[in-house]
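# Structure at a glance
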Amino acid sequence: MQEVRIYDTTLRDGTQAEDFSLSLEDKIRIALKLDDLGIHYVEGGWPGSNPKDVGFFEEIRKYELKQTQIAAFGATHHPKKTAEADENLRALLAAKTPVVTLFGKSWTIHVREALHTTLNHNLQLIHDSLAYLRPHVKTLFYDAEHFFDGFKEEPEYALSTLAKALEAGAECLILCDTNGGNLPTTIREIMQSVRERFPSAPLGIHVHNDGDLAVANSITAVEMGAVQVQGTINGVGERCGNANLCSIIPNLCLKMNIPCLSSENLKKLRSISRFVLELANIPPSRYQPYVGRSAFAHKGGVHISAVEKNPLTYEHISPELVGNRRRILVSDLSGRATIKRKAEDYGLHLDKSDPVAMQVLEELKDLENQGFQFEAAEASFELLVNRAMGKSKRYFELVGFRVIDQKMDEHNEPVAEATILVKVGGHMEHTAALGLGPVNALDNALRKALEKFYPELKDMELSDYKVRVLPGKEGTAARVRVLIESHDTSDHWGTVGVSHDIIEASWQALVDSINYKMYKSEKHHRKS
Ligand SMILES: CC(=O)SCCNC(=O)CCNC(=O)[C@H](O)C(C)(C)COP(=O)(O)OP(=O)(O)OC[C@H]1O[C@@H](n2cnc3c(N)ncnc32)[C@H](O)[C@@H]1OP(=O)(O)O
Ligand SMILES: CC(=O)C(=O)O
């Protein structure tokens with residue numbers, strides 16, 4: 001079986017992405033996670049570039065890595081210097097890594113216009129730089145920058161750069177689609193020519209995603225015999241990114257039967273994808289294949305009904321294999337199978353043929369038609385199912401509220417104040433509170449009224465509040481949908497409200513949120 005080694009460049013090429021930067025501490029933490037994941041090589045940075053990368057190589061030496069070898073990255077020596085006098089090459093050696101990866105030019109326009117030198121001199125740069133490093137480095141890789149574009153322009157020249165790299169001791173020739181614009185057919189044809197010229201040289205692949213084909217091109221290269229695949233976690237990288245290892249790795253392991261990671265480690269893929277984004281402060285894309293939140297989320301009623309019978313009907317792999325999970329979404333595209341399944345998730349038994357299932361489905365579709373949306377507001381839906389099954393409890397009743405938003409002059413912010421009258425059991429409770437805006441004032445007043453009866457509300461907070469104007473022609477009289485996300489020490493939940501009146505829509509979502517918290521606490525107490 002073909003052995004493929006994974007080379008991660010999140011810490012180097014990944015950080016060339018716009019808005020993706022990592023501190024030295026972040027880089028160390030990611031390198032340790034990649035080691036834990038079982039990645040074979042981790043490129044830590046370019047030591048000739050900046051002090052952070054130099055610091056990374058100093059720091060990572062203090063750790064005993066289990067599975068990963070750290071690589072330092074750099075260019076062939078400057079055309080106006082010798083290898084011995086080149087600071088970049090010296091910095092590479094000073095990084096003291098087991099692996100050094102050097103990139104050199106393959107494309108004649110790059111040699112002439114970017115390097116400003118002759119084709120022969122470039123061949124010498126490649127040879128001399130690698131030969132200088134060779135005696136001091138355990139493993140030496142050569143990244144042939146722009147190899148595919150260079151080959152298309154002048155095949156013989158591109159091949160001669162590889163010959164120089166091999167002659168100087170490079171152990172793997174990594175063919176790069178640096179501009180990321182080639183098609184899998186081109187990758188296939190050119191790799192075939194390289195293979196014919198260098199039958200026994202180990203080949204690798206490093207591609208960018210400008211044609212949205214980086215994963216396909218990497219897979220094609222493996223089909224053509226590549227034994228090393230370079231890429232980044234979540235595909236971050238220069239311009240449109242690098243080849244996404246979060247897709248390549250499961251494709252290799254699960255579709256091509258090339259076990260580049262153990263199946264135990266494969267289950268960590270989703271969590272490492274999240275971890276890297278979290279450190280870089282980038283929101284995850286829910287639609288990312290394999291690891292995204294929606295990668296195994298089923299919404300269409302037909303899909304859900306079939307997936308309930310056999311997940312293979314609408315899933316290409318089992319989500320647990322990559323540490324993900326199946327999700328069933330409720331919406332106006334649902335059928336009774338969805339209602340049954342959701343009720344089960346909530347610990348309730350509801351047959352598909354039970355008239356209540358039909359009633360919930362009709363209510364759901366009617367509410368969605370009015371503008372409600374339950375995909376991000378499942379707590380509201382759970383309360384709805386409980387109500388329909390006659391299992392809901394009223395924790396309080398509203399007698400009335402009033403919200404005043406008073407702006408005293410042009411220069412000062414308005415002051416919001418809410419008063420509220422609620423009935424809890426036999427007690428009438430009347431409170432008032434100020435807030436940063438009318439919804440906050442209402443929230444404060446309601447909590448003030450309820451907390452003495454339900455102290456557990458103190459550990460609940462609203463974490464997000466979103467208002468969406470629903471399509472229509474009413475201008476400021478349009479209906480709005482309010483989505484509230486709340487959390488306590490153990491959970492997050494979403495609730496929804498819809499009205500022409502933004503305060504009323506917020507009130508509905510707020511009340512659901514508080515009711516859900518109370519209902520959840522009771523459920524918890526019943527269990528324990
Ligand atoms: C395909 C890739 O992703 S390669 C990696 C790209 N990553 C980066 O560039 C990030 C790190 N880079 C840096 O920190 C800086 O660019 C440095 C420290 C490497 C160089 O900085 P400077 O010396 O100020 O040069 P500058 O960035 O302006 O230009 C790059 C120089 O490298 C030269 N160069 C580019 N590729 C090569 C190569 N393969 N071999 C030798 N020299 C090269 C260019 O010709 C240019 O030289 P010039 O200044 O004589 O024109
Ligand atoms: C080496 C590299 O990063 C590239 O060619 O894209």
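In this text the structure is predicted, and so the values were computed from the model without any measurement. Sequence positions are assigned chain by chain, starting from 1 and proceeding in written order. Chain letters and ligand numbers both follow the written order, the letters beginning at A and the numbers at 1. The predicted origin of the model limits local features to residues at a pLDDT of at least 70 and limits the giving and counting of side-chain atom pairs to 80 or more, whereas totals for whole chains, interfaces and linings rest on all residues. Only hydrogens and water are set aside when side-chain values are computed; all heavy atoms of the structure are taken into account.

## Section: helix 15 (residues 355-370)
The cut-off we apply is this: The secondary structure listing takes helices from DSSP runs of H or I that are at least 4 residues long and strands from runs of E that are at least 2 residues long, numbered from the N terminus. By definition here, a helix of n residues has an expected span of 1.5 Å times n minus one. Note on classification: 1.4 Å probe, protein chains only; a residue is buried when its accessible area is under 20% of the maximum for its type, exposed when over 50%, partly exposed between these limits. Think of the arc as the fan of directions from the helix axis to the C-beta atoms.
With 16 residues, helix 15 should cover 22 Å at 1.5 Å per step; its first-to-last C-alpha distance of 23 Å lies within 8% of that length. For helix 15, every residue scored as buried is listed here: Val356, Ala357, Val360, Leu361, Leu364, Leu367 and Glu368. The buried residues of helix 15 occupy one face: seen down the axis, they fall within an arc of 140 degrees. Of the exposed residues in helix 15, those oriented more than 90 degrees away from the buried face are Pro355, Glu362 and Asn369.

## Section: a nonpolar patch on the surface
We count it as follows: Patch building starts from residues that exceed 30% relative accessible area and form no salt bridge, then joins like charges within 9 Å and nonpolar side chains (Val, Leu, Ile, Met, Phe, Trp, Tyr) within 5 Å. Shrake-Rupley sampling with a 1.4 Å probe provides the accessible areas, and residues are treated as covered by the protein chains on show and by no other component. We define a salt bridge as a contact between a side-chain nitrogen of Lys or Arg and a carboxyl oxygen of Asp or Glu at a distance within 4 Å.
A cluster of nonpolar residues, Tyr465, Val467 and Ile502, forms a patch on the protein surface that exposes about 230 Å² of accessible area. Tracing the sequence through the fold places Tyr465 in strand 14 (residues 461-469). Relative accessible area serves as the criterion here: at 33%, Tyr465 is assigned to the partly exposed category.

## A few points about the site of ligand 2
What counts, and what does not: Residue proximity to a molecule or strand is established when one non-hydrogen atom of the residue lies within 4 Å of it. Any N or O atom pair separated by 3.5 Å or less is treated as a polar contact, with the protein-specific requirement of one donor-capable and one acceptor-capable atom, and with residues adjacent in sequence counted only for side-chain atom pairs. Classification convention: Asp, Glu, Lys, Arg as charged; Ala, Val, Leu, Ile, Met, Phe, Trp, Tyr, Cys, Pro as nonpolar; all other residues, Gly among them, as polar.
Close to ligand 2 lie Arg12, Asp13, Asp143, Glu145, Cys176, Thr178, His206 and His208. Note that an oxygen atom of ligand 2 is positioned 3.1 Å from one of the side-chain N or O atoms of Asp13. A distance of 2.6 Å is found between an oxygen atom of ligand 2 and a side-chain nitrogen or oxygen belonging to Thr178. In isolation ligand 2 has 220 Å² of accessible area, and contact with the protein removes 94% of it. For the shell around ligand 2, the class distribution of residues is one nonpolar, three polar and four charged.

## Let's talk about the side chain of Asp26
Quick note on the threshold: In this count, Lys and Arg are taken as positive residues and Asp and Glu as negative ones, while His and the chain termini are left out.
Positionally, Asp26 belongs in helix 1 (residues 24-37). Look at Asp26: it is buried, it has no salt bridge, and the nearest opposite charge is Arg29 at 5.2 Å. For Asp26, the side chain forms a polar contact with the main-chain nitrogen of Ser23, separated by 2.9 Å.

## Focus on the site of ligand 1
The environment of ligand 1 is formed by 17 residues, the closest being Gln16, Ser49, Thr76, His78 and Ala114. In this structure, an oxygen atom belonging to ligand 1 sits 3.3 Å away from a side-chain N or O atom of Arg12. A distance of 3.3 Å is found between a nitrogen atom of ligand 1 and a side-chain nitrogen or oxygen belonging to Lys105. Coverage of ligand 1 by the protein chains reaches 55% of its 1000 Å² of free accessible surface. For the shell around ligand 1, the elements supplying multiple residues, two or more each, are strand 3 (69-75) and strand 4 (99-105). Ranked by residue count, the leading element in the shell around ligand 1 is strand 4, at three residues. Split into classes, the residues belonging to the shell around ligand 1 amount to six nonpolar, eight polar and three charged.

## Focus: the nonpolar core
What tends to happen in soluble globular proteins is that the nonpolar side chains get buried as a cluster. Convention followed: Here, nonpolar core means buried Ala, Val, Leu, Ile, Met, Phe, Trp, Tyr and Cys residues that are tied together by side-chain atoms lying within 4.5 Å of each other. Throughout, a residue-residue contact means that at least one pair of heavy atoms, one from each residue, lies within 4.5 Å.
One finds Phe147 and Leu162 to be the most contacted residues of the largest nonpolar core, which totals 83 residues. With residues near it in sequence (within four places) discarded, Leu162 still touches Tyr142, Ala144, Phe147, Leu173, Leu175, Val194 and Phe198.

## Examining the confidence of the model for the protein chain
Rules: A score from 0 to 100, pLDDT tells how confident the predictor is in each residue.
Summary statistics for the protein chain give a mean pLDDT of 95 and a share of 99% for residues scoring 70 or more. In the predicted complex, the global pTM is 0.86; the interface-specific ipTM is 0.96.

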